Amino acid sequence: MLARRRFLQLGSLGLSAFSLKSFAQSPMHKPIVISTWDAGIEANKAAWKVLRAGGRALDAVEQGVMVTEASQSCCVGLGANPDRDGHVTLDASIMDEHFNCGSVAFLERIKHPISVARRVMEKTPHVMLVGAGAQQFALEQGFQLEPAVLSKDAEKAYRNWLKKSEYKPVINIENSRKQTAFVPNKLENGEWNHDTIGMVALDNAGNVSGSCTTSGMGFKMRGRVGDSPIIGAGLFVDNEAGAAVATGQGEDVIRVAGAHLVVELMRQGLSPEAACKKAIERIVKIKGNKAKDIQVAFIAINKRGEHGAYAIQKGFNYAVCYGDAANNLLDSKFLI
Ligand code: GLY
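These remarks concern the structure in this document. Since the structure is predicted, the reported quantities are computational estimates derived from the model, not experimental observations. Counting of residues starts from 1 at the beginning of each chain's written sequence and follows it residue by residue. The model is predicted, so local features are restricted to residues of pLDDT at least 70 and side-chain atom pairs to those at 80 or more, both for listing and for counting; the totals for chains, interfaces and linings are taken over all residues. The basis for the side-chain values is all heavy atoms of the structure; hydrogens and waters are excluded.

## Some words on the sheet that holds strand β4 (residues 128-130)
Inference 1: Between any two strands, pairing holds if DSSP finds at least two bridges. Strands here are runs of E lasting at least two residues and helices are runs of H or I lasting at least four, both read from the DSSP assignment and numbered beginning at the N terminus. Read from one edge of the open sheet, 8 strands run β4-β3-β2-β6-β5-β1-β11-β12, paired in mixed fashion. Of all strands in the sheet, those with a lone pairing partner are β4 and β12 (326-331), marking the two edges. In this sheet, adjacent strand axes meet at a mean angle of 10 degrees when their direction is disregarded.
Inference 2: Pairing of strand β11 (residues 317-323) with β12, which is carried by 6 bridges, proceeds in the antiparallel orientation. Counted as the bridge partner of Cys321 is Asn327 from β12. Axis lines are fitted to C-alpha atoms, over the contacting stretch for helices. Their N-to-C directions set the angle, which ranges from 0 to 180 degrees.

Structure, rendered in structure tokens:
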């Protein structure tokens, strides 16, 4: 009966069991945490401490990305690239196994937007707070107002950007397979070349949760918000199916409700990798010739502890951790 239902579900997706064989089924691990880009290695270590001790996936994904937010060495958190007017504005979201979710967007001068997003989820009747209201809420909750200064790297990158003030996304390229420690990736001109950390985890109790935090596109228009704080776009969790998170050009993730799409495809029987690929194909179809100018990638885990990823372009990697000595950066498959 179950097999027949799965066959019918796959048929409705235009897939046969045969075509699914072309997707690697990753080994199953429980607990497991995965996160985007090379910064995920350090973030996973913090998340793993929570999971190893039998803690909740929700706590793991918050603790994990806080490492990156605090690092001052990546395009996440207050050390990140500013908008075109010179202000760092941060977006973050978090979601647990009960469809509880919280997010903040266009938040300034707060070190840990992910923790503010969690407070929105737990302490308010709302899902999302933005701008001055989000900052006011953070202060009411005891978060500290940080100085409005750029990090050394961001200051340099901003001055460099101002020379041309060219407003265009940069495709992220990283290569990694042997890397097991965070080695910052920079472009030739010294700018950081990625902007988001997304993390999803499955805990010992079999529950999934996810988090996502970003400074958004470097030198963006003031007020621009990407996919990361939009539940269903940058992040989605459904405890019956799994969890997914996105990185890359947020506008194109929002258009297809990307993370929700990936999770829904897993619910219908696809593996995490196959689901991520199908969502990437959807974006590429919409973008047509312009797909080659952007990067979007998804990572996902399912309830069985399988993981997967897919990107538009070469150069996306993600960190997979299921043990103290099992925290590795993997190169994602890609479409074009
Ligand atoms: N994916 C992050 C952003 O576009 O803001």
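## Some words on the sheet that holds strand β9 (residues 296-302)
Inference 1: On the basis of which strands lie adjacent, the open sheet formed by 4 strands has the order β7-β8-β9-β10 and antiparallel pairing. At either margin of the open sheet sits one strand with a lone partner, and together these are β7 (235-238) and β10 (307-311). Taken over all neighbouring pairs, the strand axes of this sheet differ in orientation by 10 degrees on average, direction set aside.
Inference 2: Two elements, β9 and β10, share 5 bridges in a ladder whose sense is antiparallel.

## Digging into the pairing of strand β1 (residues 32-36)
Inference 1: Three exposure classes are used, based on accessible area relative to the maximum for each residue type with a 1.4 Å probe and protein chains only: buried under 20%, partly exposed in between, and exposed over 50%. Counting buried residues in β1 gives 5 out of 5 residues, a clear majority hidden from the surface.
Inference 2: In this structure, β1 lies alongside strand β5 (residues 196-202), joined through 4 bridges in antiparallel fashion. Counterpart to Val33 in the pairing with β5 is Ala201.
Inference 3: Looking at chain direction, β1 and β11 are connected through 4 bridges and run antiparallel. Bridging from a neighbouring strand, Thr36 pairs with Tyr318 of β11.

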